[in-house]
Amino acid sequence: MRRGAGKMMEEGMAFEDVLAELERFKEQDLKYTRILSSMCTDPHPIAKIAHRLFLEANLGDPGLFPGAKAIEERTISMIADLLGGDDTVRGYLTTGGTESNIQAIRAFRNAAQIRDGNIIVPQSAHFSFDKIGDLLAVEVRKAPFDASFRVDPDAVEELIDDRTIGIVAIAGTTEYGQIDPIEALAEIARRNNLFLHVDAAFGGFVIPFLDSHPPFDLSVEGVSSITIDPHKMGMSTIPSGGLLFKDGTLLDFLSTPTPYLTSKNQFSLTGTRSGATAASTYAVLRHLGRRGFKQIVDRCMQMTAKLRSGTESAGITSPVEPMMNVLTLEVANLEQVIERLAQSGWRVSVTRDGFMRLVIMPHLTEPIIDEFLSDLEDATKD
Ligand SMILES: *Cc1c(COP(=O)(O)O)cnc(C)c1O
């Protein structure tokens, strides 16, 4: 690195020199081509263009950007429709699954008016719920999963007490791609008069397009809210998240007055908020439609099946049958195998229980899967 590169310079550099510098940094970044560890992907080309078009739009001050605001509203309506919601649904576009989950639990806590309360989440919950415990001062109780890595509803019910605010279910777990038994959990939530949040950060743009799937969304009676991430399988730009409340009045429990802005109040966790990601998400939804998304999901599922049968032929077993485009594998000497794969440029990840975890995203192709299979076989041989 050049001397003084980390200091704020007195005189600025030439436009082209700065860009050249950025290009060199960019070269250090990995291309998605050999990444099987991430739930993010190269955004759809229309997402990149839409993002650039609305770079300066601040949804934190919507009166100044009514066009961007209208885009957000239409996007929320489209997502509500996709996720089984009706006209009573309200929500907003967040920065991702973490903000959506924080805000859902915050709304529940404020509505329930319980201090020192608790929430019950599956053991498989995303680590954002650990942040939530810390931020919102709620106790996060973890319910164990069954043999197929789905939360056990009886175990959830046993953890309920008079300080319980709500239950969380996951539709597309980060580690195993499993769908919790949402109908059973919704029944428990209704019976105990509790809120139920569905975290479909990853699954939200996958499950609706599978050939068959269990009920998981706002159409299930007892589901209060849902998280969905356009910056994962929604092919949008980062940071794009979505949060929807089935009973729109829950959103009001997140309201903060906003003096000196064009709006009277605000529901988001962040203040200044990107209009670019709203445009990006809107553009992808409009351009792909349900059929376009189905094609993408179909292709990812075909590649997942190919990877599953290829690994099986190589004698590598899976702890669970993949429900979506996440495959976990039982691999001996896992660390060494990951190291070998990394030497060939592959990035894979692991679950907390020590399985290899592969996410089969749209940036992969059948020839890449073949190449990976062959390298994986080599890496697992001694
Ligand atoms: C990715 C993910 C999150 C967190 O989303 P971010 O966009 O990374 O904040 C939360 N829950 C689930 C199930 C996820 O897969």
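Model, not experiment: these values are computed from the prediction.

### What about the domain arrangement of the chain?
Examined at the domain level, the chain breaks down into domain 1 (32-43 + 290-379) and domain 2 (45-286). Just the C-alpha atoms count here: the centres of domain 1 and domain 2 sit 27 Å apart. Listed as interface residues are 29 residues of domain 1 and, on the opposing side, 39 residues of domain 2. Taken together, the two surfaces of domain 1 and domain 2 that pack against each other cover about 2900 Å², and 65% of this comes from carbon and sulfur. Its largest share of buried area at the contact with domain 2, domain 1 owes to Pro43, Phe293 and Met323, together 25% of the area lost on that side.

### Quick word on unusual backbone geometry
The step from Ile238 to Pro239 runs through a cis peptide bond, and the omega angle for that step is 5 degrees. Note that Pro239 resides in the loop between β6 (225-228) and β7 (241-245). The backbone phi angle of Gln113 is positive, close to 50 degrees, even though this residue is not glycine. Even without being a glycine, Asn193 presents a positive backbone phi close to 55 degrees. By the secondary structure assignment, Asn193 is in the loop between α7 (182-191) and β5 (195-200).

### Topic: helix α5 (residues 128-136)
Within an α-helix, residues lying three or four positions from one another point in the same direction, as the helix has 3.6 residues per turn. Of the positions making up α5, those classed as buried are Ser128, Phe129, Ile132, Gly133 and Leu136. Seen end-on, α5 carries its buried residues on one side only, within an arc spanning 150 degrees. Against α4 (97-112), β2 (118-122), β3 (139-143), β4 (164-170) and β5 lie the buried residues of α5.

### Overview of the side chain of Asp375
By the secondary structure assignment, Asp375 is in helix α10 (residues 366-380). Despite its burial, Asp375 pairs with no opposite charge, the nearest such side chain being Arg34 at 4.0 Å. Among the polar contacts made by the side chain of Asp375, one reaches the side chain of Trp346 at a distance of 2.8 Å. When near neighbours in sequence (up to four residues on either side) are disregarded, Asp375 contacts Arg34, Leu341, Ser344 and Trp346.

### Examining the sheet that holds strand β10 (residues 326-329)
Strand order in this open sheet of three strands is β10-β12-β11, and the pairing throughout is antiparallel. Edge positions in the sheet fall to β10 and β11 (349-350), since each of these pairs with one other strand and no more. Bridging between β11 and strand β12 (residues 356-359) involves two bridges; their strand directions are antiparallel. Paired with Ser349 across the bridge in β12 is Arg357.

### Digging into the pairing of β6
The side-chain alternation of β6 yields two buried faces, one formed by Ser225 and Thr227 and the other by Ile226 and Ile228. With four bridges connecting them, β5 and β6 associate as parallel partners. Note that in β6 the partner of Ala200 across the bridge is Ile228. Relative to β7, β6 is paired through four bridges, and the arrangement is antiparallel. Residue pairing across strands places Ile228 opposite Gly242, the latter belonging to β7.

### Topic: the sheet that holds β4
Hydrogen bonds between backbone atoms are what pair the strands of a sheet, whose relative direction is either parallel or antiparallel. Read across the open sheet, the seven strands follow the order β1-β7-β6-β5-β4-β2-β3; overall the sheet is mixed. The strands lining the two open edges of the sheet, one partner per strand, are β1 (90-94) and β3. Averaged over all pairs of adjacent strands, the angle between strand axes in this sheet comes to 20 degrees, irrespective of strand direction. Helix α3 (residues 66-82) rests against β1, β6 and β7 of the sheet, and its axis sits at about 110 degrees to β1.

### Some words on the site of the ligand
In the vicinity of the ligand there are 14 residues, among which Thr98, Asp199, Asp229, His231 and Lys232 approach most closely. Thr98 has a polar side-chain atom sitting 2.6 Å from an oxygen atom of the ligand. In this structure, Asp199 approaches the ligand through a side-chain N or O atom, which is 2.6 Å from a nitrogen atom. Considering the ligand on its own, with 380 Å² of exposed area, one finds that the protein chains cover 87% of that surface. Broken down by element, the shell around the ligand gets its largest block of residues, three residues, from α4. When its residues are assigned to classes, the shell around the ligand shows three nonpolar, eight polar and three charged.

Conventions we followed
- Residues numbered from 1 in each chain as written.
- Predicted model: local features only at pLDDT ≥ 70, side-chain atom pairs only at ≥ 80, totals over all residues.
- Heavy atoms only, no water.
- Domains from an automatic or database assignment.
- Contact = heavy atoms within 4.5 Å.
- Buried area = accessible area lost by both parts, 1.4 Å probe.
- Helix = DSSP H or I, 4+ residues; strand = E, 2+ residues; numbered from the N terminus.
- Buried < 20%, exposed > 50% of the residue type's maximum accessible area, 1.4 Å probe, protein only.
- Arc of directions from axis to C-beta.
- Lys, Arg positive; Asp, Glu negative; His and termini not counted.
- Salt bridge = Lys/Arg side-chain N within 4 Å of Asp/Glu carboxyl O.
- Polar contact = N/O pair within 3.5 Å; in protein donor to acceptor, adjacent residues only side chain to side chain.
- Pairing = 2+ DSSP bridges.
- Axes fitted to C-alpha atoms, helices over the stretch in contact; angles between N-to-C directions.
- Near = heavy atom within 4 Å.
- Areas by Shrake-Rupley, 256 points an atom, 1.4 Å probe, with all protein chains shown as cover.
- Nonpolar A, V, L, I, M, F, W, Y, C, P; charged D, E, K, R; others polar.

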